[in-house]
Structures are given as structure tokens and as C-alpha cells.
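Residues per chain are reported as follows:
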Amino acid sequence: MVRAIVGANWGDEGKGKITDLCAENADIVVRFQGGANAGHTIINEHGRFALHQLPSGIFNKNTTNIIANGVALDINKLKAEIASVKEQGVEFNLLISERAQVLLPHHVLLDEYEEERLGDKKFGSTKSGIAPFYADKYSKVGIQVWELFEKDRLKEKLKGMYEKINIQFKYLYNKPEINYLEVFDILNGYADYIKDNVADTSGILRNAIKEGKTILLEGQLGSLKDTDHGIYPYVTSSSTLAGYAAVGAGIPPHEIKNITVITKAYSSAVGEGPFVSEIFGDEADELRKRGGDKGEFGATTGRPRRVGYFDTVATRYGCEIQGATEVCMTCLDVLSYLDEINVCVAYDINGEQTKDFPTTEALCKAKPVLKTFKGWKSDIRGITEYDKLPEEAKAYVEFIEKEIGFKIGMVSNGPKRNEILYR
Ligand code: GDP
């Protein structure tokens with residue numbers, strides 16, 4: 001059985017926690033897109049972890065973890081991540097696709113230089129090199145993992161590649177040029193580091209499907225950051241959708257039987273771009289401080305996240321575009337301090353109300369139409385059955401379920417693995 005666990009919104013919905021939970025019964029957990037630019041926070045019996053590229057199945061000894069073809073493989077950061085996880089006593093199996101693409105030093109520099117050049121018009125990039133990486137990939141000038149082991153070919157390729165890049169560095173950005181031989185040495189180090197983990201992961205997955213194994217496909221970020229369907233250009237440079245999981249992992253699309261879409265009981269986003277239900281000032285500071293397990297601050301960058309009310313327009317769209325078979329709402333416990341809880345139920349665009357998610361410019365003009373709910377004002381962590389939640393909390397979940405049009409089958413009422421309510 002293949003299940004995708006993906007985000008309905010801007011990312012940071014709590015996919016890591018839910019993947020870690022579901023991974024207890026999974027044979028394989030796969031990362032199929034994105035790179036080191038976002039983080040999944042996981043809290044379990046081993047401690048608290050911020051994973052960036054490692055799949056969230058690493059805590060289960062019997063699970064094989066795969067970094068698949070669609071990922072932006074940053075070997076430099078992966079090394080540090082593996083070292084830190086191992087330091088905390090976690091041992092795991094990791095396979096890296098021979099066809100995954102390798103993030104190169106100039107991608108990170110280009111990301112920095114371009115944000116600097118854009119000034120006020122910047123995207124709010126995490127400067128992890130993701131956009132330049134995918135640009136090279138789709139321009140067919142990138143380097144796949146197998147190429148690291150073809151030394152002569154690699155050296156020649158880098159020579160040609162950096163001739164062009166250095167023109168850009170020198171004349172567009174006025175920055176120092178890169179010596180391709182230094183990059184060659186770095187890549188040789190990368191090859192030595194990963195050589196025992198490299199495999200035909202797509203073949204392994206196809207065989208695992210034939211053998212009836214349980215496979216989880218773990219998404220990074222969420223629907224609204226998808227390149228094609230998100231808030232362009234305030235998106236990421238890879239597809240965040242379950243539909244792409246088949247491509248990024250290399251398995252038949254029809255094998256994905258379950259698409260579990262994660263949404264948070266309120267909204268949070270990082271980076272620039274329109275955010276209709278955003279809140280500001282003290283109200284936002286309070287929610288930001290109480291959000292997640294340690295406040296709403298980026299797992300990768302530490303940046304304060306923008307926060308807002310739950311947005312049923314964006315979330316219905318986010319769930320539809322993912323093709324949700326089930327929805328999980330996380331962080332319901334975070335809202336326990338509020339007397340009243342607002343939900344954005346429609347957008348007002350130039351005096352007209354809509355429940356359909358519009359394109360970016362219209363989104364910039366949209367004002368939230370709010371509905372106010374009575375808060376439950378009691379700590380709901382520790383409750384182990386959905387029916388035992390306060391009536392107000394159930395009314396909140398059930399209203400949202402109706403508005404988004406998808407069954408909310410799981411409600412998470414705390415960051416720990418066992419803090420989950422099934423409906
Ligand atoms: P991901 O990228 O989708 O995995 O999300 P992040 O890990 O970046 O952000 C989710 C945050 O919410 C993390 O700090 C989690 O520990 C935390 N979290 C997940 N589920 C819950 C929950 O039900 N309640 C609370 N309070 N925190 C949660």
C-alpha cells in the first residue's frame with residue numbers, strides 16, 4: 001500500500017509528526033521533492049529533531065528511508081544532518097537514488113546574490129540554492145548522483161559549466177569567480193561519502209510494491225507552494241503535490257491509494273507573498289509564541305513565521321489539488337487559550353465574495369470574510385478520544401470539515417507522537 005503524506009497549505013503543517021507516526025508501520029519512507037530548505041520537527045522517544053532531507057522514517061529500525069529522484073540533494077547539509085541525528089543515538093537505513101540531482105556550491109551563491117540583486121522585490125528565499133538548482137535541472141545542465149562516479153566526464157562537464165556561470169558571477173553580480181577544480185574536489189568528497197547508499201531506488205520501490213510492502217511518500221511544504229498550482233511566484237521550485245510523488249519517487253501513479261493531507265488548526269507561512277487571513281501585532285505575537293511545539297519559528301532558518309486564522313478557501317483548494325482521501329488537522333491544542341476563534345470562510349475581492357482560490361494578483365486584493373467561534377478555553381492535550389474534546393473544539397473541527405469538503409480523520413492535540421485523536 002502506498003500512502004502520500006502532504007501539506008494543504010504553505011508548509012509547516014506538521015507533516016513530520018504524522019509521517020513519523022505512520023512510519024511505525026511502514027517498510028519504506030520516501031522523500032520525493034524539495035531539499036534542505038524546509039524542516040520537519042519530530043518529537044518522539046529519541047528526542048526532538050529538525051529533519052531537513054532525511055525522511056521521517058529514520059526512527060524506525062525496520063524502515064528503509066529513500067531520498068528519491070525528485071529531491072534537490074544537498075550532500076554538504078545531509079552530512080551535517082546525519083551526524084547530528086547519529087549523535088542523538090539514532091541509527092537508520094538510507095538509500096539515495098542514483099538519479100537524484102546534486103545541489104552544487106554555485107546554487108547556494110546564486111540564490112544569495114539574486115535575492116541581494118532583487119532588494120525589496122526579493123522572494124524571501126531560504127537561500128538554500130533550491131531555485132537555481134531546479135533551473136539547472138530543467139535546463140539539463142545539472143549533475144545526477146551517478147555522474148559523481150564518472151570522474152573524467154565530471155571534470156570536463158564542470159569545466160564547461162563554470163565558464164558560463166563565471167560570466168554571470170563576474171558581470172551580473174560582481175562577485176568572485178569559481179574554480180571548477182575546487183568544485184571537482186568537493187564533489188569527489190561527496191561521492192566518497194554517499195557511495196554505499198546509492199541505489200536504483202525507483203526499481204527498489206517498484207519491487208516493494210509487487211511484494212505488498214507499505215510505502216510512505218513524504219511531501220515537503222504544501223499545496224500553496226506548488227510551482228504550478230501555488231501562489232506563483234511565491235512558490236517553491238518543485239511540485240509539492242501527491243500527484244508528483246509518483247514522478248519524484250518513480251512509481252506508478254495509480255499505486256498511491258491514500259493521500260493524507262495535513263492542515264494546521266490556524267495558518268502559518270514563511271516568505272513573501274499574499275496571505276489573506278494573516279494577523280498582526282499582539283494578536284499575532286501571542287499565536288506565534290504558542291504555535292507548534294516551540295513557537296512558530298522556521299525549523300531551517302529560525303525566521304518568525306507569519307501567522308493567521310484558519311483559511312477554508314485556501315485549504316479547500318489545497319486539499320482538492322492534492323486529491324485528499326483523508327485530512328489530518330494538527331495543532332488544535334494551540335488554540336486553547338482563545339476566548340473567540342476566527343475562521344476565514346470566503347474572500348471579498350473588490351466587493352464580491354468568493355470561496356474559490358484566485359490567482360496571485362486577486363489574492364493580493366482579497367479581504368478575509370470571517371466567522372467567529374467560541375473558544376473552549378481548556379487544555380486539550382492529554383485527551384485521547386475525539387469524543388472527549390470540548391463541544392466548542394468539536395464544533396470548530398466539524399465546521400472546517402464541512403467547509404473544506406473532506407473528512408478530517410485525524411486531529412493532533414500535541415506535538416508528541418502519541419498525541420493524536422482518530423475519528
Ligand atoms: P512540517 O514541515 O509539516 O513537518 O511542519 P514543521 O515541523 O515545520 O512544523 C510543525 C510544528 O508543529 C512543529 O514544531 C511540530 O512539533 C508541531 N506540531 C505538530 N503537531 C502538533 C500539534 O498537534 N500540537 C502542537 N502544539 N504542535 C504540533
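Given the structure is predicted, the values throughout are model-derived calculations rather than measurements.

Conventions we followed
Residues numbered from 1 in each chain as written. Predicted model: local features only at pLDDT ≥ 70, side-chain atom pairs only at ≥ 80, totals over all residues. Heavy atoms only, no water. Helix = DSSP H or I, 4+ residues; strand = E, 2+ residues; numbered from the N terminus. Rg over C-alpha atoms; globule rule 2.2 N^0.38 Å. Buried < 20%, exposed > 50% of the residue type's maximum accessible area, 1.4 Å probe, protein only. Contact = heavy atoms within 4.5 Å. Phe/Tyr/Trp six-rings, centres within 6.5 Å; stacked < 30°, edge-to-face > 60°. Salt bridge = Lys/Arg side-chain N within 4 Å of Asp/Glu carboxyl O. Pairing = 2+ DSSP bridges. Axes fitted to C-alpha atoms, helices over the stretch in contact; angles between N-to-C directions. Parallel < 35°, antiparallel > 145°, perpendicular 65-115°, else oblique. Left-handed = near helix turned anticlockwise from the far one by under 90°. Nonpolar A, V, L, I, M, F, W, Y, C, P; charged D, E, K, R; others polar. Near = heavy atom within 4 Å. Polar contact = N/O pair within 3.5 Å; in protein donor to acceptor, adjacent residues only side chain to side chain. Areas by Shrake-Rupley, 256 points an atom, 1.4 Å probe, with all protein chains shown as cover. Core = buried A, V, L, I, M, F, W, Y, C linked by side-chain atoms within 4.5 Å. Expected span 1.5 Å × (residues − 1). Arc of directions from axis to C-beta.

Asks: Would you take a moment to explain the overall build of the chain for this structure?
Replies: Assigned secondary structure in the chain consists of 12 helices and 20 strands. On C-alpha atoms alone, the chain measures out to a radius of gyration of 22 Å, which is about the 22 Å that the 2.2 N^0.38 rule sets for 423 residues. Based on the C-alpha atoms only, the size of the chain along its principal axes is roughly 65 × 50 × 40 Å. Expressed as a percentage of the 423 residues in the chain, the buried residues total 58%. In the chain, of all internal contacts separated by at least 6 residues, the share reaching a separation of at least 24 is 75%.

Asks: Please clarify how the packing of aromatic side chains should be interpreted in this entry.
Replies: Centre-to-centre distance and the angle between the planes together describe a pair of aromatic rings. In total, this model carries 12 aromatic pairs according to the counting rule given. Plain terms: the ring middles of phenylalanine 49 and phenylalanine 59 are 4.7 Å apart, the flat faces sit at 50° to each other, and that makes the pair tilted. One end of the pair, phenylalanine 49, is in strand E4 (residues 47-51); the other, phenylalanine 59, is in the loop between E4 and strand E5 (64-67), with 10 residues separating them in the sequence. Taken as a pair, phenylalanine 49 and phenylalanine 59 share a single burial class, namely buried. Here tyrosine 113 and phenylalanine 169 contribute two aromatic rings whose centre-to-centre distance is 5.2 Å and whose plane-to-plane angle is 70°, an arrangement assigned as edge-to-face. Here tyrosine 113 is found in helix H3 (residues 105-118), whereas its partner phenylalanine 169 is found in helix H5 (residues 151-172), with 56 residues between them in sequence.

Asks: Would you mind going over the pattern of salt bridges with me for this structure?
Replies: Side chains that differ in sign of charge can pair as their charged atoms come close. Enumeration according to the criterion identifies 30 salt bridges in this entry. As a salt-bridge pair, arginine 153 and glutamate 147 come within 2.7 Å of each other at their nearest N and O atoms. You can call arginine 153 partly exposed: its relative accessible area is 42%. Judged by its relative accessible area of 5%, glutamate 147 falls in the buried class. Taking the shortest distance from any N to any O, the salt bridge between aspartate 339 and lysine 377 comes out at 3.0 Å. Placement of the pair is aspartate 339 in the loop between strand E15 (326-330) and strand E16 (340-349) and lysine 377 in the loop between strand E18 (367-374) and helix H12 (391-404), with a sequence separation of 38 residues. Its relative accessible area of 49% is what places lysine 377 among the partly exposed residues. Taken together, the salt bridges that share partners define one network made up of Asp12, Lys264, Glu296 and Arg305.

Asks: Any chance you could explain the pairing of strand E19 (residues 408-412) here in plain terms?
Replies: On a regular strand, each side chain points to the face opposite its neighbour's, so the side chains alternate between the two faces of the sheet. Taken across its 5 residues, E19 has 5 buried, putting it largely inside the fold. Pairing of E15 with E19, which is carried by 3 bridges, proceeds in the parallel orientation. Residue pairing across strands places methionine 329 opposite valine 411, the latter belonging to E19. Examined bridge by bridge, E19 and strand E20 (residues 420-422) share 3 bridges and lie antiparallel to one another. Following the sheet pairing, valine 411 is matched in E20 by leucine 421.

Asks: For this particular structure, what's the right way to read the packing of helix H2 (residues 75-87) against helix H6 (residues 180-194)?
Replies: How two helices sit against one another is set out by the angle between their axes and by the gap between those axes. Relative orientation of the contacting elements H2 and H6 amounts to 45°, with a least axis distance of 10 Å. With respect to each other, H2 and H6 are oriented oblique. H2 and H6 meet at a crossing whose hand is left-handed. Each of Ile75, Asn76, Lys79 and Ile82 in H2 lies in contact with H6, whose residues at this interface are Tyr190, Tyr193 and Ile194. Grouping the amino acids of the contact of H2 with H6 by side-chain chemistry returns 5 nonpolar, 1 polar and 1 charged.

Asks: Before we go on, may I ask you to explain the site of the ligand in this structure?
Replies: Surrounding the ligand, one finds 21 residues, the nearest of these being Lys15, Gly16, Thr41, Asp293 and Ser412. Contact distances for the ligand include 3.1 Å between an oxygen atom and a backbone N or O atom of glutamate 13. At 3.1 Å, a backbone N or O of glycine 414 approaches an oxygen atom of the ligand. Across the complex, the protein chains shield 98% of the 590 Å² of accessible surface that the ligand would expose by itself. Per-class residue counts for the shell around the ligand are 4 nonpolar, 10 polar and 7 charged.

Asks: Please clarify how the environment of phenylalanine 399 should be interpreted in this entry.
Replies: You can see phenylalanine 399 is positioned in helix H12. Along the sequence, phenylalanine 399 and leucine 332 sit 67 residues apart, while their C-alpha atoms lie 14 Å from each other.

Asks: What's the story with the nonpolar core in this structure? I'm lost.
Replies: The tendency in soluble globular proteins is for nonpolar side chains to be buried as a group. Formed by 62 residues in total, the largest nonpolar core has its most connected members in Val30, Ile215, Leu217, Ile256, Leu332 and Tyr396. For isoleucine 256, the residues in contact, after removing those within four places along its chain, are Val2, Ala4, Leu217, Ala242, Ala245, Ala246 and Ile251. Counting 39 residues, the second largest nonpolar core, distinct from the first, contains Phe59, Ile67, Val90 and Ala100.

Asks: What am I meant to see in H2 here?
Replies: Residues separated by three or four positions in an α-helix point in the same direction, a consequence of the helix having 3.6 residues per turn. Taking 1.5 Å per residue as the helical rise, H2 with its 13 residues ought to reach 18 Å, and the 18 Å between its terminal C-alpha atoms agrees with that figure. For H2, the complete set of buried residues consists of Ile75, Leu78, Glu81, Ile82 and Val85. Projected down its long axis, H2 shows its buried positions confined to an angular sector of 115°, all on one face. Facing away from the buried side of H2 by more than 90 degrees, the exposed set consists of Ala80 and Glu87. Buried residues along H2 sit in contact with E4, E5, strand E6 (72-73), strand E7 (93-97), strand E8 (101-102) and H6. For H2, the side-chain oxygen to backbone nitrogen distance between the N-cap and asparagine 76 is 3.3 Å, and the N-cap itself is aspartate 74.

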